[in-house]
Amino acid sequence: MLTSSARLLALLGLMQAQRRWTGPELAGRLGVSDRTVRKDIDRLRQLGYPVDAVRGPRGYYELGVGASLPPLLLDEDEAVAVAVGLRAGSGIAGIEETSARALAKLDSVLPHHLQRQVAAVHEAVVRGPENTGSNVRDPVVDAGLLTGLAAAIRDRVEVRFDYRTAPSGPVPSGPAPSGAAPSLDRRQVEPYRLVSWQRRWYLVARDARDDTWAPYRVDWMTLKTPGGRRFRPTPFPENEYTSFVLREVAFTGWAVHARVLVDASAEEVLARINPTVGVVEPVDDDHCVLVTGGDSVEVVAVWIGMLGLDFHVEGPDALVAALRVQARRYAAATPAAVR
């Protein structure tokens, strides 16, 4: 049987691993009586741990929220998983330094054999590039911006921000495309949900002035403080936030947008693409329009070529030029006899 101190640590670990426990469940896991569990719960409370209890046939114990962060107890597999995850943390500006500090604290208390396991995984694993489908660097979003937006969603407070746009539509951070000097539009909207897709973050929000909903690229936002007024939530008219973002991105969420006339029916094009990368508009039984986009003209040029169908592009001019470059390259890559 565990000693009293060891049993308290085991009890604390169980209550951190699972939100609610009944007395008999805890007694069974610890190999003690219900009475001993009650005494140990009282001892945890005396040590400053807020343990809530609900009495009755459906009663349970629950570790409450205290004024300070209690010691976190992890089993060996959990400790290794957390350490490996911290080493892999990336994609949000500022999180690398925070992850390094947390990892240093964890490493300092890990037993030697677990330190060796974590080091072995780190030394044996090589991460490949996450973005293999674009010649544009993935956007990096500041962790403080995400937490600020999440807090506004939680507290139902409007957010104010500058949103980077160009005459032809939104453009990402960095140098502006030729002929499309970026500008900043001031927005004030009701935030409802953050959606992560394709290594990008989107805020689904409602403009109360005209009751319009839209997804906003978070990496194109500069948050302003203080925020706006509190609001009463309006029911979201769509079935699901993620589906809404995937559909709307085809129109507003890319740096480059294109309307492509395809010599095939809408049904045939829809059968060849993932519905999240574009919207198909029927023209007649043998033609349709594909509305799609990407973060560079090169990406769009290559992608529409992968349809395996004849198509026609009238604009934008940069996309037409990119297609001509690709056409020359493909022609130059084939034997003369085939040409």
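The coordinates are above.
Since this is a predicted model, take the numbers as computed values, not measurements.

## As for the overall build of the protein chain
Right, on to step 1. Helices and strands together make up the secondary structure of the protein chain, namely 11 helices and 15 strands.
Right, on to step 2. Within the protein chain, counting contacts between residues at least 6 apart in sequence, those at least 24 apart form 59% of the total.
Right, on to step 3. Entry remark: accessible area of the protein chain is about 20,300 Å², with carbon and sulfur atoms responsible for 54%.

## Some thoughts on the pattern of salt bridges
Right, on to step 1. Inspection of every chain in the model, using the stated rule, returns 15 salt bridges.
Right, on to step 2. Among the salt bridges present, the one from Arg-272 reaches Glu-268, with a minimum N-O distance of 3.4 Å. Taken as a pair, Arg-272 and Glu-268 lie in helix H9 (residues 266-272) at a separation of 4 residues, close to a single helical turn.
Right, on to step 3. The class for Arg-272 is partly exposed, based on a relative accessible area of 44%.
Right, on to step 4. Taking relative accessible area as the criterion, Glu-268 reaches 32% and is therefore assigned partly exposed.
Right, on to step 5. The network of salt bridges with shared partners includes Arg-19, Arg-20 and Glu-62.

## So, the packing of helix H10 (residues 297-305) against helix H11 (residues 317-333)
Right, on to step 1. Running from amino to carboxyl end, H10 crosses H11 at an angle of 60°, the nearest separation of the two axes being 9 Å. Between H10 and H11, the angle is such that the two are oblique. The two elements H10 and H11 meet at a crossing, and its hand is right-handed. Note on element contacts: H11 touches H10 through Ala-318, Leu-319, Ala-322, Leu-323 and Gln-326, opposite Val-297, Val-300, Ala-301, Val-302 and Ile-304.
Right, on to step 2. Looking at the contact of H10 with H11 residue by residue, the classes come out as 9 nonpolar, 1 polar and no charged.

## Here's the deal with the nonpolar core
Right, on to step 1. Counting residues in each nonpolar core, the largest one holds 23 residues, and the members touching the most others are Val-262, Val-269 and Leu-319.
Right, on to step 2. Those elements giving two or more residues to this core turn out to be strand S12 (256-262), H9, strand S14 (287-294), H10 and H11.
Right, on to step 3. In this structure Leu-319 touches Ala-258, Val-297, Val-300, Ala-301 and Val-313, once residues within four positions along its chain are discounted.
Right, on to step 4. Listed in part, the 17 residues of the second largest apolar core include Ala-27, Leu-30, Val-37 and Leu-44.

## Focus: the environment of His-312
Right, on to step 1. Its place among the elements puts His-312 in strand S15 (residues 311-313).
Right, on to step 2. Residue classification places His-312 among the partly exposed residues on the basis of a relative accessible area of 42%.
Right, on to step 3. Spatially, the C-alpha atom of His-312 lies 5.1 Å from that of Leu-261, the residues being 51 residues apart in sequence.
Right, on to step 4. With near-sequence residues (within four places) excluded, His-312 lies in contact with Arg-259, Val-260, Leu-261 and Asp-263.
Right, on to step 5. A distance of 3.0 Å separates a polar atom in the side chain of His-312 from a polar atom in the side chain of Asp-263.

## A few points about the sheet that holds strand S1 (residues 20-21)
Right, on to step 1. Overall, antiparallel pairing links the 3 strands, which are arranged S1-S3-S2 in an open sheet. The open sheet terminates on both sides in strands that have one partner only, identified here as S1 and strand S2 (51-54).
Right, on to step 2. Sheet analysis places S2 next to strand S3 (residues 60-63), joined by 4 bridges and oriented antiparallel. The residue of S3 that forms the bridge with Asp-52 is Glu-62.

## Considerations on the pairing of strand S10 (residues 212-217)
Right, on to step 1. Pairing between strand S9 (residues 200-207) and S10: 6 bridges, direction antiparallel. Looking across to S10, one finds that Asp-207 is bridged to Thr-212.
Right, on to step 2. Hairpin remark: S9 followed by S10, antiparallel, with 4 residues in the connecting loop; positive phi at Asp-211, about 60°.

## Comments concerning the side chain of Asp-207
Right, on to step 1. Mapping Asp-207 onto the fold places it in strand S9.
Right, on to step 2. Other than its neighbours up to four places away in sequence, Asp-207 contacts Gln-188, Val-189 and Thr-212.

## Here we look at the sheet that holds S15
Right, on to step 1. Taken in spatial order, the 4 strands make up an open sheet running S13-S14-S12-S15, and their pairing is antiparallel. Across the chains shown, the open sheet's two edge strands, defined by having one partner strand only, are strand S13 (278-284) and S15. Averaged over all neighbouring strand pairs, the angle between strand axes comes to 25°, with direction disregarded.
Right, on to step 2. Sheet analysis places S12 next to S14, joined by 7 bridges and oriented antiparallel. Within the sheet, the bridge partner assigned to Val-262 lies in S14 and is Cys-288.
Right, on to step 3. Packing against the sheet, H10 makes contact with S12, S14 and S15, and its axis sits at approximately 145° to S14.

## Quick look at unusual backbone geometry
Right, on to step 1. In this structure, the amide linkage connecting Thr-225 to the following residue, Pro-226, adopts the cis form with an omega of 0°.
Right, on to step 2. For Pro-226, the location among the structural elements is in the loop between strand S11 (221-224) and helix H8 (241-252).
Right, on to step 3. Of note in this structure, Arg-156 is not a glycine but carries a positive phi near 60°.
Right, on to step 4. Structurally, Arg-156 is set in the loop between helix H7 (143-155) and strand S6 (159-166).
Right, on to step 5. Its identity as a non-glycine residue notwithstanding, Asp-211 has a phi of 60°, on the positive side.
Right, on to step 6. Considering the arrangement of structural elements, one finds Asp-211 in the loop between S9 and S10.

Cut-offs used in this document
- Residues numbered from 1 in each chain as written.
- Predicted model: local features only at pLDDT ≥ 70, side-chain atom pairs only at ≥ 80, totals over all residues.
- Heavy atoms only, no water.
- Helix = DSSP H or I, 4+ residues; strand = E, 2+ residues; numbered from the N terminus.
- Contact = heavy atoms within 4.5 Å.
- Areas by Shrake-Rupley, 256 points an atom, 1.4 Å probe, with all protein chains shown as cover.
- Salt bridge = Lys/Arg side-chain N within 4 Å of Asp/Glu carboxyl O.
- Buried < 20%, exposed > 50% of the residue type's maximum accessible area, 1.4 Å probe, protein only.
- Axes fitted to C-alpha atoms, helices over the stretch in contact; angles between N-to-C directions.
- Parallel < 35°, antiparallel > 145°, perpendicular 65-115°, else oblique.
- Left-handed = near helix turned anticlockwise from the far one by under 90°.
- Nonpolar A, V, L, I, M, F, W, Y, C, P; charged D, E, K, R; others polar.
- Core = buried A, V, L, I, M, F, W, Y, C linked by side-chain atoms within 4.5 Å.
- Polar contact = N/O pair within 3.5 Å; in protein donor to acceptor, adjacent residues only side chain to side chain.
- Pairing = 2+ DSSP bridges.

Such coordinate-based values are descriptive only and should not be taken to indicate function.
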